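Residues per chain, in single letters:
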Amino acid sequence: QVRDFIVDSALFWLDEYRMDGLRWDATASIHAAGGTPIPEGWDLLRRANDTVDAQQPWKIMIAEDMKGNAAVTRPTSAGGAGFDAQWDASFVHTIRSAIEPASDAGRSMSSVRDAIAGAFDGRATSRIVYTESHDEVANGKTRVPEAIWPGNAASYYSKKRSALGAAIALTSPGIPMLFQGQELLEDGWFSDTDPLAWSKAVRNDGIVRLYSDLIRLRRNLDGTTRGLRGNSVNVYHVNDRDKVIAFHRWDRGGAGDDVIVVANFSGHSITVYRRPAS
């Protein structure tokens, strides 16, 4: 009866409120407890996803599982839970670790490479990539600009490095997720009793335009960046000394498809960059 109620509740939101999909909270606590599997919980998730797929297959079901378990997004026909995508904890923690420290010594380009190239079962769209979420900016944690420079989230470095994190999320394989107010350069930490400061959309209009432009590129609205919607990536340049990384994104390849992303994670500007001799 409880499982019937949960599945019916999911369908209620999708049917009556015409939601585009659902994000299931803490799915790892549904199908396991203290590392011990809960078969009935796993069956519940499979049943819910199979039911939605049968009735409304165009709607997305997302798991906040946070365990990096590829089976969560594997089809139920292959023994998986059948979710369309799951949050990738390794991406958010790795990218934040690379953009928040003041010193370049704490930035690992090999770790960034692994985060960019990650996927579950080789399917890029099976993961959600992001730098801010309700878990990452609340409960004693802060938004990225605030973490970069506590008390001075509008600083030059806070703007530059938080924008870098967003750019990596919006150009890496996966489904990018933005947290409310991220594009306004919101500071401090998130609280549901603290409304967004919409005046920052004017004060930080360049940041807002940056996010808008990145989203436009990600969606290939101009027909020149189809590769950002594809499944393929090759992180072909990793320079841990200068903190520079470059990767190639493509869908089918060719004109209007291939995209090259070059990112400078260092604490200084680079006017001319030459690839170091191997």
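For the structure given in this document, a descriptive report is provided here. The structure presented is a predicted model; accordingly, all values stated were derived computationally and were not measured.

Considerations on the overall build of the protein chain
Okay, so step 1: Check the secondary structure of the protein chain and you find nine helices and ten strands.
Okay, so step 2: Its C-alpha atoms give the protein chain a radius of gyration of 20 Å, near enough to 19 Å, the size a compact globule of 278 residues would have.
Okay, so step 3: In terms of overall dimensions, the protein chain has a C-alpha envelope of 65 × 45 × 40 Å along the principal axes.
Okay, so step 4: For the protein chain, with 278 residues in total, the buried portion stands at 43%.
Okay, so step 5: A separation threshold of at least 6 residues defines the contact pool for the protein chain, and within that pool the share at least 24 residues apart is 62%.

Some words on the nonpolar core
One broad rule of soluble globular proteins: the nonpolar side chains tend to lie buried together.
Okay, so step 1: Membership of the largest hydrophobic core comes to 22 residues, with the highest contact counts inside it found for Phe 91, Ile 95, Val 112, Ile 116, Ile 168, Ile 245 and Phe 265.
Okay, so step 2: Those elements giving two or more residues to this core turn out to be helix H4 (89-99), helix H5 (109-116), helix H6 (144-148), helix H7 (156-171), strand E9 (244-250) and strand E10 (259-264).
Okay, so step 3: The residues touching Ile 168, leaving out its near neighbours within four places in the chain, are Phe 91, Ile 95, Ile 116, Phe 247, Ala 263 and Phe 265.
Okay, so step 4: Formed by 17 residues, the second largest nonpolar core is a distinct cluster that contains Trp 24, Ala 48, Met 61 and Val 72.

Thoughts on the pattern of salt bridges
Okay, so step 1: Enumeration according to the criterion identifies 17 salt bridges in this entry.
Okay, so step 2: Ionic pairing is found between Asp 257 and Arg 226, a salt bridge with its closest N-O pair at 2.9 Å. Taken together, the positions of Asp 257 in the loop between E9 and E10 and Arg 226 in the loop between helix H9 (205-218) and strand E8 (232-239) put the pair 31 residues apart, joining distant regions of the chain.
Okay, so step 3: What makes Asp 257 buried here is its relative accessible area of 0%.
Okay, so step 4: Judged by relative accessible area, which is 25%, Arg 226 ranks as partly exposed.

Observations concerning the packing of aromatic side chains
Okay, so step 1: Applying the stated criterion across every chain yields a total of seven aromatic pairs.
Okay, so step 2: An angle of 90 degrees between the planes, with centres 5.3 Å apart, marks the rings of Tyr 156 and Tyr 157 as edge-to-face.
Okay, so step 3: Each residue in the set Phe 12, Trp 13 and Tyr 17 is aromatic and connected to the rest through ring pairs, giving one cluster.

Notes on the side chain of Asn 239
Okay, so step 1: Within the secondary structure, Asn 239 is located in strand E8.
Okay, so step 2: Judged by its relative accessible area of 6%, Asn 239 falls in the buried class.
Okay, so step 3: Within the structure, the side chain of Asn 239 is placed 2.9 Å from the side chain of Asp 242, a separation counted as a polar contact.
Okay, so step 4: Other than its neighbours up to four places away in sequence, Asn 239 contacts Met 109, Val 244, Tyr 273 and Pro 276.

Description of the sheet that holds strand E4 (residues 60-63)
Okay, so step 1: What the five strands build is an open sheet, ordered E1-E4-E5-E6-E7; its pairing is parallel. If you trace the sheet from one side to the other, it starts and ends with strand E1 (21-24) and strand E7 (175-176), each paired once.
Okay, so step 2: Sheet topology note: the strand E5 (residues 85-87)/strand E6 (residues 127-129) ladder contains two bridges and is parallel. For Trp 87, the partnering residue across the bridge sits in E6 and is Ile 128.

Overview of unusual backbone geometry
Residues other than glycine predominantly adopt negative phi, and peptide bonds predominantly adopt the trans conformation.
Okay, so step 1: Phi at Ala 26 is positive, roughly 50 degrees, even though this residue is not glycine.
Okay, so step 2: Mapping Ala 26 onto the fold places it in the loop between E1 and helix H2 (28-31).
Okay, so step 3: A relative accessible area of 30% places Ala 26 in the partly exposed class.
Okay, so step 4: Backbone geometry places Lys 243, a non-glycine residue, at a positive phi of 60 degrees.
Okay, so step 5: Relative to the helices and strands, Lys 243 is located in the loop between E8 and E9.

What to know about helix H3 (residues 39-55)
Okay, so step 1: For H3, which comprises 17 residues, the first-to-last C-alpha distance of 24 Å matches the rise-based estimate of 24 Å (1.5 Å per residue) to within 8%.
Okay, so step 2: Residues of H3 that are buried include every one of Gly 41, Trp 42, Leu 44, Leu 45, Ala 48, Asn 49 and Val 52, and no others. Each buried residue of H3 sits inside an arc of 160 degrees when the element is viewed along its axis, so together they form one side. Projecting away from the buried face of H3 at angles above 90 degrees are the exposed residues Pro 39 and Ala 54.
Okay, so step 3: Against the buried residues of H3 lie helix H1 (2-15), E1, H2 and E4.

What counts and what doesn't
Residues numbered from 1 in each chain as written. Predicted model: local features only at pLDDT ≥ 70, side-chain atom pairs only at ≥ 80, totals over all residues. Heavy atoms only, no water. Helix = DSSP H or I, 4+ residues; strand = E, 2+ residues; numbered from the N terminus. Rg over C-alpha atoms; globule rule 2.2 N^0.38 Å. Buried < 20%, exposed > 50% of the residue type's maximum accessible area, 1.4 Å probe, protein only. Contact = heavy atoms within 4.5 Å. Core = buried A, V, L, I, M, F, W, Y, C linked by side-chain atoms within 4.5 Å. Salt bridge = Lys/Arg side-chain N within 4 Å of Asp/Glu carboxyl O. Phe/Tyr/Trp six-rings, centres within 6.5 Å; stacked < 30°, edge-to-face > 60°. Polar contact = N/O pair within 3.5 Å; in protein donor to acceptor, adjacent residues only side chain to side chain. Pairing = 2+ DSSP bridges. Expected span 1.5 Å × (residues − 1). Arc of directions from axis to C-beta.

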